[in-house]
Each structure stands twice: as structure tokens, then as C-alpha cells.
Amino acid sequence: MSTEIKPPADEGPSNFIRERIQQDVAQGRRDGRVFTRFPPEPNGYLHIGHAKSICLNFGMAAEFGGRCHLRFDDTNPVTEDVEFVEAIQEDIRWLGFDWGDHKYFASDYFQQLYDYAEALIRAGKAFVDSLTPEEIKAYRGNFYKKGTASPYRERSVEENLDLFRRMRAGEFEEGEHVLRAKIDVEHGNINMRDPPIYRIKKAHHHRTGDAWCVYPMYDYAHCISDALERITHSLCTLEFEDHRPLYDWILAQLDVPGDPEQIEFAKLNLSFTVIGKRKLKQLVELGLVSGWDDPRMPTLAGMRRRGYTPESIRALCERVGVSKRNGMVDVSLLEHAVREHLNATSPRVMGVLQPLKLTLTNWPAGQVEWLDAPYFADDPARGTRPVPLGRELLIEREDFKEQAVKGWFRLSPGAEVRLRHVGIVRCDEVVKDEAGEVIELRCSLDMASRPGQPGAARKVKGTIHWVSAAHALPVEARLYDRLFNVEEPNEAPEGKTFLDNLNPNSLTVVADARVEPSLAGAPTGTRVQFERLAYFCVDRDSTEDRLVVNRTIGMRDSWAKLEAKGG
RNA sequence: UGGGGCGUCGGCAAGUGGUAAGCCAGCGGUUUUUGGUUCCGCCAUUCGUAGGUUCGAAUCCUACCGCCCCAACCA
């Protein structure tokens, strides 16, 4: 039996966290166990930043044969809600991760946490402070000034215990007392200057109801929860780095079952987007987006509705890597991952956003032929769908130019172009209305160039998409663009905020687009490529007689690039 | 005036004393019945700066510079 365990090849680049875990396992630390946890606070929806943490935590656990707990960090009842605990679970599952039986809530530990607090008091390591919040702040000092001890710091164990029990019994009002760890008021690290660990909150908790009126604070609850669950590696973001001494201090005072270690990594920042619950919440509450799942939101719910795939989000997280450098990842990396997966998985279909009538003058009126068009031209074995062809078609207005410019491969008077799956067509006549606007193109189809015909291999520069006017389905196409029009929306000039960086054109609704009939009845979430245009995803707003599709992301467009260059 | 971090290509990011991976972006070309995809090239003589140690440094030492986080009874 070989003892050599080769890690899977698809691990992604090495990073300092994996290395440390590898080392711990190799040295047999904590029996070689690797238990991680993803600890969301149920006060908002999960976003792309959380995805990085989810991938890391669940990924490391899976890689080392351990497990990853889902633990709701619900220690602040005034901001949390069940709506969020449901949504969070749905999003994690959608992303592709499974916590198995290991779903926990910090609130599950309220009694134990309380008991540990009494133990801390008995050990003389915590005291009840009766200063007002303002006074506590003043006594704490700041970066320049060391703190000074609270006058209540030397209360006796008996008095502290009595006061704390009465706090728990509801005898005091919010703000009257607080339980503080007794550490070092002069510590250079402000987190160590006798941090509050319990406060009175007479609020209804979404799980424990009114059973408690004292709630533990993050620094106190998190490390103990980790220890109780015997978490080995507690991965969190950089801003908690200077909380680590407190994390370690608390556990060192207590007789807890586990021995977790906190390791910090840089959170994900994406250009042209704002990540952070507070800001996202603001967008939702101000009605600047339609909700947490607005397809422009960087929330998992929004990205799902937009048509992004979990695979692409995971690929992004893997490519971004894990380090301690606070940086900004280019959205193009995400867009690349999305296109990459969608290209491999989305059936091709034809749809027209801005229709222009095209009449096949040599096609008999009333004659309809159902073409057998492959969903994937590169691999017809993956299936086909019937596409109706008649005399009157609709093409993309953008595919016709009255004055062809150099490099123009599409339609123009007298020019030839291939109609996808049909054959080569020549534009013989341009019909205009009184206003001079082009309203119809009259073209002749070269029958010999149809698929299977001897002339099918004839080359023309361009191929365009189309739909049969008589059969096309009306669809509402929602064209989404970046929510912000600057790389770093948080950087706003004096007096402005990130809201001033919103892109006013982040949503364009095309109410009367057309698609081929094969899309009829497509269920919500169906992803397709409208050939040559973009990837679309069927939205839940669709009704029986009207599809609504969201543009997930456009195709790369080298013509647009060329055109832009030419001025 | 305190504490904690971080500085490798335009953006991420490997590298752990032996002579700068990879990905995205960009550029050029190939293939193509999607101006998509594919494929192939090009893209850091240099690792924040300056010294030093060494046969040899992005990696070690020293100093300096720059950036980020911390002063909620939030997480």
C-alpha cells in the first residue's frame, strides 16, 4: 500500500494558506485534521467576495479530506434576519458546495458562551463596566494616546458575577453595563484595551427569540465557536489581522475543546464593481437596482439571475489566487471565465435585437422549410433544433450598411453575405420609407450555396443571423452593462460617493426583440447564445406568451474594436 | 507620536540563495458557415529604492520610500 498521497492536479496555483495547512498535516498537528468554516452573518446576501472565501474554505477542507462547517455568525439580533439565512444557504449550494450535517449558528452556543464568560469573570479576566459608551470610548484612548483603566476595572469577582447575572436577567437597560475582558488598557493594539465582549440588547433574535438580552460580541463569540467546533484553520480577511491577538488571548484563558488558528488573506476586489454588504444594501434600499438579485449586482443571486455559472465563478476564484496583497482584480478576468464556460455549454440559437426586414425574392411566398440546425456547429452530435425558413426574414439592423466601409464583411447594396444555415444571399435592392429610412432589403438566395449543395463551400466574408418574420417569438431582452463606469467606484471626489459613479446606461431594455421559435417555453434559467450577439439567460419574469431574457455577457467583438480604432 | 500588514509585467500571481511560471488584458498572425471559438507568436535583462553579505540575491541583512487596515456596546 502506497503511503504517497498525490494531490489532485487541478488545485490551482500554490498559496501560503495551502502551504501552511500542508505543513500542519505533514507534522501531524491536531491529528492531521483540517476543519474549516464559512461564517457569514445573516444580514445580507452573499456576493462575489464571499465566493472567494467559500471556495477557499470548502476547497481546503475537501483537498485535505477534512470538512467545512457553515456557521451563521448571528450575534447581533438587530441586523440579522431569517430571509438571509435561507438565501445564503441557497447561494452556497448553487455555487456547488455542501456542508453536509455541519450547519451551525453562533446562537447555538449562547449558553456555553455565557458560561465561559462567567468562567472568565471567576478567573478575574473579565469585569462588568458601568461606564457609558462615550466614557468607554474616551477611556480607551486612541492611536496617539494610551488608554486608562475604567474605575470599575477592579470590581470583585462576586460583584462582577452578580452584575453579569443581573444583566442576563434583564435588570438593566441597554448601555448601562457591558462585560469587558481585562487585558491591558495600554496595549498598542486597541483591540486589546479591555474590549467589550458582552452587551445588553433587548432585541428579538431570529432564532433564540427573547431568551436572551445579553449578546456576545464577535471577537468573543467567534474564537470560542471555532474551538467548540474543533475548527483547525479559521480563515478570514486581512482586516481581522489585528484581532488575532485577542482571538488567541480569549482561547488561552478558557478550557475549550479545540485549538484553532486564525489565518488572514486578502479579500477580493473587482474593478468596476462595488463589493461590500453595506454598499450593496444601500443600492437595494435606495431602489437603484431592483433588489439583491438584480442581474447587475455582484451578489451570487444577481449573478445567477444574470446567467453566470457557478463553474465560472469558481474558476475566477481559482485564478485570482490567495495572498495577502490587497489589490484589484480586473473584471475582464471574470468575464473571461464566464465566456469560457458559456462557450462550451450554451446551445446556439438565433435572435434579432433590432429587426430589419429582408425578403428572399426568389423564395416562393408561403413556402416554409424547417431547417435542421445544430445547437453547436462544431459538434452537430450535440443535437439540433428545427428552424423555419420563409420568404420574409428579419435580420439585425446593424448588419446592413448603405455605404460599405473598408473591412465591412456584412450586407450592403450589391454585397453578398451568408445567412447562417441557409446559404449566400445578395442584396439587390434597398427599400426606404418616405423619411428615407431603410425598411426592407430585397435579396436573392443562391440556391446552389445551400448546405449540401455543390456551391455550399463557396466563401463569402460574412455570415449573419436571422429569424423568420412569420415564426419569430417576441422577447424582451434586457441588456446589462457594468453598474459603474469607473474602475474603482469607491474613489469618489470630495462631496461625492460611489453612487455618483453609477453607470446610467447599465440597463437597456429591448422590448421587441425576436427569437427563433425553438426557444418557446424555455424554463427560467435556460442559457443560450444568440449567435454573434451575446449569451442570454431566461429570466423569471417570463410569462407564457412572452419571454424575458437577460444578457449575461456579449461576445467578444473584434469588429467593434476595429471600428473604434478607425475612429 | 501607537499597533498590524503589504510592495514581482497594465491587472492578478508563482517563486523560499542558483540566474523571473501561469492567467487576464494588449498586440500580430492562423483556422472558421458565429468579425465567436481554436491555434500560434510577441509582451519584466528585472523583482518599491539605496546600500551591504555572497562565486551567485526577487529570495539574506540594513536603511529609506510607498500603499492598506485599526480608535462600533458591528462583523
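No experiment lies behind these values; they were computed from the predicted model shown.

Parameters and conventions
- Residues numbered from 1 in each chain as written.
- Chains lettered and ligands numbered in written order.
- Predicted model: local features only at pLDDT ≥ 70, side-chain atom pairs only at ≥ 80, totals over all residues.
- Heavy atoms only, no water.
- UniProt positions renumbered as here; feature names shortened; annotations may be inferred.
- 1 Å grid on protein atoms, 1.4 Å probe; cavity = no way out; pocket = protein on both sides within 12 Å on 5 of 7 lines; lining within 4 Å.
- Helix = DSSP H or I, 4+ residues; strand = E, 2+ residues; numbered from the N terminus.
- Buried < 20%, exposed > 50% of the residue type's maximum accessible area, 1.4 Å probe, protein only.
- Contact = heavy atoms within 4.5 Å.
- Pairing = 2+ DSSP bridges.

Draft legend 1. Just the UniProt feature "binding site: ATP" (unreviewed entry) in chain A, in detail. As recorded in UniProt, the sites labelled "binding site: ATP" (unreviewed entry) are Glu-41, Pro-42, Asn-43, His-47, Ile-48, Gly-49, His-50, Ala-51, Lys-52, Ser-53 and Thr-237. Lining residues of the second largest pocket drawn from the annotated list: Glu-41, Asn-43, His-47, Gly-49, His-50, Ser-53 and Thr-237. Of note, Pro-42 is situated in the loop between β1 (35-38) and α2 (48-63). Assessed through its relative accessible area of 0%, Pro-42 is described here as buried. If near-sequence neighbours (up to four positions away) are discounted, Pro-42 is found in contact with Phe-72, Asp-73, Asp-74, Thr-79, Glu-80, Asp-81, Phe-84, Val-85, Ile-88 and His-206. Residue position: Thr-237 is located in strand β8 (residues 233-237). Excluding residues that lie within four positions of it along the chain, Thr-237 makes contacts with Glu-264, Phe-265 and Lys-267.

Draft legend 2. Examining the pairing of strand β16 (residues 416-419) more closely. In this sheet, strand β17 (residues 423-432) lies alongside β16 in antiparallel orientation, the contact comprising four bridges. Opposite Leu-419, over in β17, you have Gly-423 as the bridge partner. The loop that links β16 with its antiparallel partner β17 comprises three residues; one of these, His-421, has a positive phi angle of about 70 degrees. Across two bridges, the pairing between β16 and strand β19 (residues 463-464) is parallel. The residue of β19 that forms the bridge with Leu-419 is Ile-464.

Draft legend 3. Expanded view of the side chain of Asn-57. On the secondary structure map, Asn-57 appears in helix α2. The buried category is assigned to Asn-57, whose relative accessible area is 0%. Those residues within four positions of Asn-57 in sequence are excluded, and the remaining contacts are Thr-36, Arg-37, Cys-68 and Leu-235.

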